[in-house]
Amino acid sequence: MKLTVWTYEGPPHVGAMRVATGMKDLHYVLHAPQGDTYADLLFTMIERRDHRPPVTFTTFQARDLGSDTASLFKDACLDAYERFKPEAIIVGASCTAELIQDDPGGLAETMGLPIPVIPLELPSYQRKENFGCDETFFQIVRHLAQPQEKTPHLTANILGPTGLGFRHRDDVTEITGLLEELGVTVNVAAPMGASPVEIARLPAAHFNVLLYPETAEAAARWLERNHDQPYTKTVPIGVGATQDFIAEIRTLAGLEGRSDISRLRLPWYAKSVDSTYLTGKRVFIFGDATHVKAAARIARDEMGFEVCGLGCYNREFARDIRALGREFGVDALITDDYLEVEAAIMEAAPEMILGTQMERHIGKRLGIGCAVISAPVHVQDFPARYSPQMGWEGANVIFDTWVHPLVMGLEEHLLHMFREDFEFHDDAGASHHGGHPGPRVEGGQPPVGDADSPRDISGSMEAGVPVVQTDGSIVWEEAAERELKKIPFFVRGKAKRNTEAFAVERGMSEISIETLYEAKAHFAR
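First, a word on scope: everything that follows refers to the structure included in this document. Computed from a prediction, not measured in an experiment: that's the story for all the values here.

Regarding the packing of helix α12 (residues 289-302) against helix α13 (residues 318-328)
- Orientation of α12 relative to α13, taken along the N-to-C sense of each, is 15°, at an axis distance of 10 Å. Considering their axes alone, α12 and α13 lie roughly parallel with respect to each other. Viewed along their axes, α12 and α13 form a crossing whose handedness is left-handed. Along its contact with α12, which presents Ala289, Val292, Lys293, Ala296, Arg297 and Arg300, the element α13 presents Asp320, Ile321, Leu324, Glu327 and Phe328.

Quick look at the structure:
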């Protein structure tokens, strides 16, 4: 555990909250000090839920440490049962409360409550949030699932969606529809949307669909061993993965059903004229392992991008992501330190980032477009509209999400190209407001502080004076810098690096317009 400004995962008890918040008629009693009671903010503000998380905190304070904190926990358990009347209770401790070793599970067991009480042992200082989700759901399934006959008709369970999950709500809807097209009825979707009574019915299904290995693989493996339920290994994110998922369902269920692909637009859109200029764009991918693996395949095989770097923050999947890195010819980055991620992105110099909310901020600082593909996310990634990542509609959503940062970059480039025009220069009034053009900037120079001015390229800017690079090795002539600005901003950095490398190889100390075009011709060959 360390102090940090940002974090990809919270402690394990946050994972337990995600499971509890997604479920119905389950309550979580958390032994925690006053400062750890931030669940309401996570779920009501970020996820915009219309009800509070089903969590009761003991909220002991410093003065309570000298007395009996165990009695505070028992009182909180009893109050939660009498007030909320849940079908089951899970109990655990936050990372701070773990230090006082009150044993919430043992305390709750002695209370004799007339409902199942499920203790959680979540090592706060060794594991993190996704482990908390996985372990909590596993313990709930292990305690509540009951042996029973399979349903007379073909059914499957959907495993993995939780509160605060990236597009989990819409993914469940999309995959439920896809399964129904194939002739499979969903028995239970869990943990999100399920009650303890429905968890007990999990073994009645013929097989399980594992959507998110980070949050439900332990439960899927247990159900396979103890209730003869195989589970899917393919996560249906992207066109190719969805096709593979359908083939896997047919094999598991012995079906010949087909899925309606009339609403699938990604393959044609990716081949269309307005997308071909995106082919070969360099992307850096970072997030949870499931979404990174899916994004890498989509980027290379379905969008025509070049993956110049990838990695994940959940170390439990480090082996898988390192193998993926070898397949793509890059060194996989396994870290939960956002500063290491930022350094890797700067070194790779991609034209777009596919990442989390963290990488969105990194992209803003570096001037690189970013599309969010994975948790952790912020409020804008819980849209009111239907916006899945999985299945055919998920593929359409992914195309829009990934392409728009680059398309908007092209529009911004056109505005920069015409910035000296009487109507579009920096001081002109907004045309749609009926504003009148202000005075033109002499020589078409951008104002001080403009993101794409020579100041950002070289560190200084004086009219008529060549601009020296920060390391003093290369000088860009003013005319060459103006020409460089005409290149779209999302490839300008690459063009600048290539030109400087071209000049260094030939022993040049200054870059003119002629040098810029000679370098362009050289690399075009």
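What about helix α14 (residues 338-348)?
- Taken together, the buried positions of α14 are Tyr338, Val341, Glu342, Ile345 and Ala348. For α14, the buried positions fall inside an angular range of 130° around the axis, keeping them on one side. In this structure, α14 carries Met346 and Glu347 as exposed residues pointing more than 90 degrees from its buried face.
- Two to three positions downstream of the cap, the backbone nitrogen of Leu339 sits 2.9 Å from a side-chain oxygen, assigning the N-cap of α14 to Asp337.
- One or two residues past the end of α14 sits Ala349, with phi positive at roughly 50°.

Remarks on the pattern of salt bridges
- What the rule picks out here adds up to 21 salt bridges.
- For Arg167, the salt bridge is made with Asp381, and the minimal N-O distance between the two is 3.6 Å. Linking Arg167 in the loop between β5 (155-159) and α6 (168-182) with Asp381 in the loop between β12 (369-372) and α16 (391-417), this pair joins segments that are 214 residues apart in sequence.
- You can call Arg167 buried: its relative accessible area is 8%.
- For the salt bridge of Asp301 with Arg300, the shortest nitrogen-to-oxygen distance reads 2.8 Å.

Parameters and conventions
Residues numbered from 1 in each chain as written. Predicted model: local features only at pLDDT ≥ 70, side-chain atom pairs only at ≥ 80, totals over all residues. Heavy atoms only, no water. Axes fitted to C-alpha atoms, helices over the stretch in contact; angles between N-to-C directions. Helix = DSSP H or I, 4+ residues; strand = E, 2+ residues; numbered from the N terminus. Parallel < 35°, antiparallel > 145°, perpendicular 65-115°, else oblique. Left-handed = near helix turned anticlockwise from the far one by under 90°. Contact = heavy atoms within 4.5 Å. Buried < 20%, exposed > 50% of the residue type's maximum accessible area, 1.4 Å probe, protein only. Arc of directions from axis to C-beta. Polar contact = N/O pair within 3.5 Å; in protein donor to acceptor, adjacent residues only side chain to side chain. Salt bridge = Lys/Arg side-chain N within 4 Å of Asp/Glu carboxyl O.

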